[in-house]
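Commentary on secondary and tertiary structure
These are the residues of each chain, in order.
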Amino acid sequence: MTERAVAPKREIFGWAMFDFANQAYTLLIITAVFGDLFTRVIVGDGPDYRVGNLLWSLALATSYLLVVVCSPVAGAVMDYTARRKQFLFGSYLLTVVATAALYFVAPGYAMLGVLLIIISNFAYSIGEAFIASFLPDLGPPDKLGAISGIGWALGYVGGMVSAVFVLLVLGEVSAENFDRIRWVGPWAAGFFLVAAIPTFLFLRERGRPRPLPAGQGYFRLGLARVGATLGNLRGYRDLAVFLISTFLAMSGMYIIIAFSFIYGAQVIGWDQGVRTLMFIIVQISAAVGAVGFGLLQTRLGGLRTYRVTVTLWVLAVVCIYATPQVAAAARALFGVEWQAQYVFLVVGTLAGSALGACQSTTRALVGAFTPQGHAAEFFGFWGLSLKLAGAFSLLLMGLLQAWVGLHLAILFCALLFIGAFLVSWPVDEQRGRRAAEAGSG
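Predicted model only: the values in this text are computed from it and were never measured.

1. Observations regarding the overall build of the protein chain
Across its full length, the protein chain holds 18 helices and 0 strands. The C-alpha atoms of the protein chain give 21 Å as radius of gyration, which agrees with the globular expectation for 441 residues (22 Å, within 12%). Dimensions of the protein chain, computed from C-alpha atoms along their principal axes, come out at roughly 70 × 45 × 40 Å. For the protein chain, the residues scored as buried account for 59% of the 441 residues in total. Across the protein chain, every contact between residues at least 6 apart in sequence was considered, and the portion connecting residues at least 24 apart equals 85%. Put simply, the protein chain shows about 17,000 Å² of open surface, and 69% of that area lies on carbon and sulfur atoms.

2. Some details on the nonpolar core
Membership of the largest hydrophobic core comes to 108 residues, with the highest contact counts inside it found for Phe34, Trp56 and Trp313. For this core, the element with the most residues is helix H11 (residues 237-268), which contributes 18 residues. With near-sequence residues (within four places) excluded, Trp56 lies in contact with Ile29, Ile30, Phe34, Gly35, Phe38, Thr39, Ile117, Ala258, Phe259 and Ile262.

3. Remarks on the packing of helix H1 (residues 9-32) against helix H2 (residues 34-43)
It is the contact of H1 with H2, at a shortest axis distance of 4 Å, that shows an interaxial angle of 25°. Taken together, the axes of H1 and H2 lie roughly parallel to each other. Along the contact surface, H1 presents Leu28, Ile29 and Ala32, while H2 presents Phe34, Gly35 and Asp36. Per-class residue counts for the contact of H1 with H2 are 4 nonpolar, 1 polar and 1 charged.

4. Here we look at empty space enclosed by the protein
Enumeration according to the criterion identifies 2 cavities of 30 Å³ or more in this entry. A volume near 550 Å³ is recorded for the largest cavity. If you go around the largest cavity, you meet 39 residues; those closest to its centre are Thr26, Tyr156, Ile257, Leu355 and Gln359. If you list the elements that add at least two residues to the lining of the largest cavity, you get H1, helix H5 (110-132), helix H6 (141-170), H11, helix H12 (272-300), helix H13 (302-334), helix H14 (340-368) and helix H15 (375-404). The element that contributes the greatest number of residues to the lining of the largest cavity is H14, accounting for 9 residues. Tallied by class, residues from the lining of the largest cavity come to 22 nonpolar, 13 polar and 4 charged.

5. Regarding unusual backbone geometry
Each neighbour pair has its own omega, and for Gly46 with Pro47 the value is 10°, a cis peptide bond. Positioned with a positive phi, Tyr49 is a non-glycine residue whose angle comes to about 60°. Within the secondary structure, Tyr49 is located in the loop between H2 and helix H3 (50-81). We classify Tyr49 as buried; its relative accessible area is 16%. Phi is positive for Ala82, close to 55°, though the residue is something other than glycine. Assignment of secondary structure puts Ala82 in the loop between H3 and helix H4 (84-100).

6. Remarks on the pattern of salt bridges
Under the definition given, this model contains 8 salt bridges. Of the charged contacts in the structure, one is a salt bridge between Arg40 and Asp36, with a shortest N-O distance of 2.5 Å. Residue Arg40 and its partner Asp36 are both found in helix H2; the two are separated by 4 residues, about one turn of the helix. The closest approach of N and O atoms between Arg84 and Glu205, which form a salt bridge, is 3.1 Å. Within this pair, whereas Arg84 is found in helix H4, its partner Glu205 is found in the loop between helix H9 (197-202) and helix H10 (218-232), the two being separated by 121 residues in sequence.

7. Quick notes on the packing of aromatic side chains
Overall, the coordinates contain 25 aromatic pairs when judged by the stated rule. With 5.1 Å between their ring centres and 85° between their planes, Phe89 and Phe200 make a pair best called edge-to-face. On the criterion of sequence distance, the pair formed by Phe89 in helix H4 and Phe200 in helix H9 is long-range, its members being 111 residues apart. Residue classification places Phe89 among the partly exposed residues on the basis of a relative accessible area of 37%. Assessed through its relative accessible area of 18%, Phe200 is described here as buried. Relative to Phe191, the ring of Trp187 lies with its centre 6.0 Å away and its plane at 55°, an arrangement referred to as tilted.

Parameters and conventions
- Residues numbered from 1 in each chain as written.
- Predicted model: local features only at pLDDT ≥ 70, side-chain atom pairs only at ≥ 80, totals over all residues.
- Heavy atoms only, no water.
- Helix = DSSP H or I, 4+ residues; strand = E, 2+ residues; numbered from the N terminus.
- Rg over C-alpha atoms; globule rule 2.2 N^0.38 Å.
- Buried < 20%, exposed > 50% of the residue type's maximum accessible area, 1.4 Å probe, protein only.
- Contact = heavy atoms within 4.5 Å.
- Areas by Shrake-Rupley, 256 points an atom, 1.4 Å probe, with all protein chains shown as cover.
- Core = buried A, V, L, I, M, F, W, Y, C linked by side-chain atoms within 4.5 Å.
- Axes fitted to C-alpha atoms, helices over the stretch in contact; angles between N-to-C directions.
- Parallel < 35°, antiparallel > 145°, perpendicular 65-115°, else oblique.
- Nonpolar A, V, L, I, M, F, W, Y, C, P; charged D, E, K, R; others polar.
- 1 Å grid on protein atoms, 1.4 Å probe; cavity = no way out; pocket = protein on both sides within 12 Å on 5 of 7 lines; lining within 4 Å.
- Points joined across faces, edges and corners; volume = space filled by probe spheres on them.
- Salt bridge = Lys/Arg side-chain N within 4 Å of Asp/Glu carboxyl O.
- Phe/Tyr/Trp six-rings, centres within 6.5 Å; stacked < 30°, edge-to-face > 60°.

Structure, rendered in structure tokens:
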């Protein structure tokens, strides 16, 4: 079988620029700014904000469930019609419009915020699966780790660039600053709109469309392909088991992504300067983690690298939970005045490294286990696993924090990462690659 050649640098750049562009949505809307604004100002049920946190969880979980319903069918249809680029463009435009409309979400309009988060996060999330389906076209399996790492690293650079305007111009998340900070939605939308243009200029659609069988529509054909893919996964045992492990790992990561800055504001009680530093630290450490572990994957292998990153996540979650206790113990035992918010910055470095590394390694392994000719189909199932993980974990997290509070509920993530490590143990990377090569065509 002919090995896949490495795509031109311009095309790899165009593919990676989508990560650069859409990270503005992830960072500013889901992770750092709008989630905090929604829970503490728009809903504002202090002092514990449990209703705001629950609504935030429900909105995100609903959007991920919509992706679960749509992603496999869309992936199968894209493979058959060779219209991945058009689907990607549609998701991109919907994300931009719904994100810009977040400007109109004000105190007293919490349900409008819930609706717009459902729409925008659905469009953004399904677009992640669409752009990931192009990865196997960009090079042979042993190069995908480095290529994926470039995409994730550039994504975190994009997040940091997009955050500069927020930090310098829009300012802090507070009721007093609401008239300025509400512009975070339009800013994230505009950044995504402009920065993703190279993707649509340079990325190629390599699939070849085939005529529809008589009497069948795309939706019916898509459902049939989904059923066939479920059957096909039996022939790709390592991919199937890895998707279960990915489900657990991404469950934990979705909670961290959605609640890390909310946790900082509600549990740690950080000030504006520390919040700004966390912006920078997480983006830099995530970019370094994505590139560093992407290169390490070439030497250690994807599966070993993935297990290292999952182990890092277990350590990071324990440290997140223990941050207030570490600061208190330092004062009691050594007389050192370590504020919890500064300890949290150190933990942020560890979590950021694990975030970029785990995401990059996971995407590359799925690409390595995917046979040619089934990229959109199998990456649709990868997207399904991820978004089902988001729906499952955020729904449970919302209920847990409403019951025991956000501080204790965060430990749920450590259990998810431990489960991901254990489930990955039967996976054989070389066997998975051989199965993908044998099924290509």
